[in-house]
Amino acid sequence: MAEFPKRIDCGDCELVKPEVTFSKSQEFFDVIVKNKEFLLEWLDWPNYYSKPEDAYNYLKTVENVKGSSYLIQVDGKIVGGHGFVNFNEEYKFAELGYWLAPDFNGRGLVVRGIAALENLAFGQFGLNRLQIKVDTENVKSQAVAVRAGYVKEGILRHGYVLHGAPRDVIVYSKLKSEWEKGKVK
Ligand SMILES: CC(C)(COP(=O)(O)OP(=O)(O)OC[C@H]1O[C@@H](n2cnc3c(N)ncnc32)[C@H](O)[C@@H]1OP(=O)(O)O)[C@@H](O)C(=O)NCCC(=O)NCCS
């Protein structure tokens, strides 16, 4: 049975399930607070971080829950999050989610992270499908999905809720067969 590694090397960054320490929790909390305004444009969850203990509890989840998220680190410092929002081994599909601190946008970190997570999901766990759901107005995230080679399937009208308002969401996907064709031999 495949396992989720604690660390995945992505070249100039790494995806990690960090040690759950008070200093790492504080570091994570500080990244969220510093970038809250930027992140809140497309995400709800930064609102739930009001004290470092909230970050500690999240890191505990990352450590324990199978298939949950990784943190993106550059030079050992947290710069974002990446991972599987849902990981369904029975039906062999998963959904990807990601965020990056604005100072680390524009370097291709998330696209490289997606490639690494595809190797894990398709290559090791044998999933058939990965999907990415993006708000119809979140142009930067749509560019990520397209750059990573995902196919636009359609729009879920009022497919999620952001800050209390219903929002339309684009579904992108990549199949295992498409991943195999695109692999560097
Ligand atoms: C969405 C988000 C992760 C996109 O970040 P990003 O830095 O644009 O994405 P990537 O890390 O894949 O980098 C791609 C950018 O790096 C550039 N780049 C530089 N070197 C690159 C490389 N070697 N490979 C790929 N892209 C590279 C690309 O040209 C692109 O920049 P551009 O869009 O200006 O052309 C980020 O804006 C974010 O966190 N937003 C808030 C939260 C959010 O929306 N999350 C997604 C919810 S669905």
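Residues numbered from 1 in each chain as written. Predicted model: local features only at pLDDT ≥ 70, side-chain atom pairs only at ≥ 80, totals over all residues.

Trainee: So what exactly am I meant to see when it comes to the environment of lysine 36 here?
Mentor: Examined against the element boundaries, lysine 36 turns out to sit in helix α2 (residues 36-40). The partly exposed category is assigned to lysine 36, around which 13 C-beta atoms lie within 10 Å. Sequence separation of lysine 36 and threonine 21 is 15 residues, and the distance between their C-alpha atoms is 22 Å. (Helix = DSSP H or I, 4+ residues; strand = E, 2+ residues; numbered from the N terminus. Buried ≥ 20, exposed ≤ 12 C-beta atoms within 10 Å, placed from the backbone.)

Trainee: Please clarify how the site of the ligand should be interpreted in this entry.
Mentor: In the vicinity of the ligand lie 19 residues, with Trp42, Asn105, Gly108, Val110 and Val111 positioned nearest. Broken down by secondary-structure element, the contributors of at least two residues to the shell around the ligand are β5 (93-100), α4 (109-124) and α5 (139-147). Residue contributions to the shell around the ligand peak at four residues, all from α5. Of the residues belonging to the shell around the ligand, the class tally is twelve nonpolar, five polar and two charged. (Near = placed C-beta within 6 Å. Nonpolar A, V, L, I, M, F, W, Y, C, P; charged D, E, K, R; others polar.)

Trainee: Can you help me understand the sheet that holds β5 in this one?
Mentor: Strands in a sheet are paired, the pairing made by backbone hydrogen bonds, and the direction either parallel or antiparallel. Here we have eight strands laid out as an open sheet, ordered β1-β2-β3-β4-β5-β6-β8-β7, and mixed in their pairing. Either end of the sheet is taken by a strand with one partner, and the two such strands are β1 (7-9) and β7 (151-162). Taking each pair of neighbouring strands and ignoring which way they run, the sheet shows an average axis angle of 30 degrees. Two strands pair when backbone bridges link them, and β5 and strand β6 (residues 129-135) are joined in this way by three bridges, in the parallel orientation. (Pairing = 2+ DSSP bridges. Axes fitted to C-alpha atoms, helices over the stretch in contact; angles between N-to-C directions.)

Trainee: Would you mind going over the packing of helix α1 (residues 22-34) against helix α3 (residues 52-64) with me for this structure?
Mentor: Any two packed helices are characterised by how steeply their axes cross, that is the angle between the axes, and by the distance between the axes. Axis separation between α1 and α3 bottoms out at 8 Å; the angle between their running directions is 110 degrees. Considered as vectors, α1 and α3 are oriented roughly perpendicular to each other. Seen along the crossing, α1 lies across α3 with a hand that is right-handed. When α1 is examined against α3, the residues Lys24, Ser25, Gln26, Phe28, Phe29 and Ile32 are found in contact with a partner set consisting of Pro52, Asp54, Ala55, Tyr56 and Leu59. Class assignment for the residues of the contact of α1 with α3 results in seven nonpolar, two polar and two charged. (Parallel < 35°, antiparallel > 145°, perpendicular 65-115°, else oblique. Left-handed = near helix turned anticlockwise from the far one by under 90°. Contact = placed C-beta atoms within 7 Å.)

Trainee: Explanation requested: the environment of glycine 126 in the structure shown.
Mentor: Within the secondary structure layout, glycine 126 lies in the loop between α4 and β6. Each C-alpha atom, one on glycine 126 and one on valine 33, is 37 Å from the other, the two residues being 93 residues apart in sequence.

Trainee: Is there a simple way to think about unusual backbone geometry in this case?
Mentor: Backbone geometry follows two general trends: most residues other than glycine have a negative phi, and most peptide bonds adopt the trans configuration. At histidine 158, a residue that is not glycine, the phi angle is positive and equals roughly 50 degrees. Mapped onto the fold, histidine 158 is located in strand β7. A tally of 11 C-beta atoms within 10 Å means that histidine 158 is categorised as exposed. The backbone of histidine 163 sits at a positive phi, close to 50 degrees, despite the residue not being glycine. For histidine 163, a count of 10 C-beta atoms within 10 Å puts it in the exposed group.

Trainee: What's the story with the nonpolar core in this structure? I'm lost.
Mentor: Ranked by size, the top nonpolar core spans 42 residues in total, and within it Phe28, Ile72, Leu96, Leu100, Ala121 and Ala145 carry the most contacts. No other element matches the seven residues that α4 contributes to this core. (Core = buried A, V, L, I, M, F, W, Y, C linked by C-beta atoms within 7 Å.)

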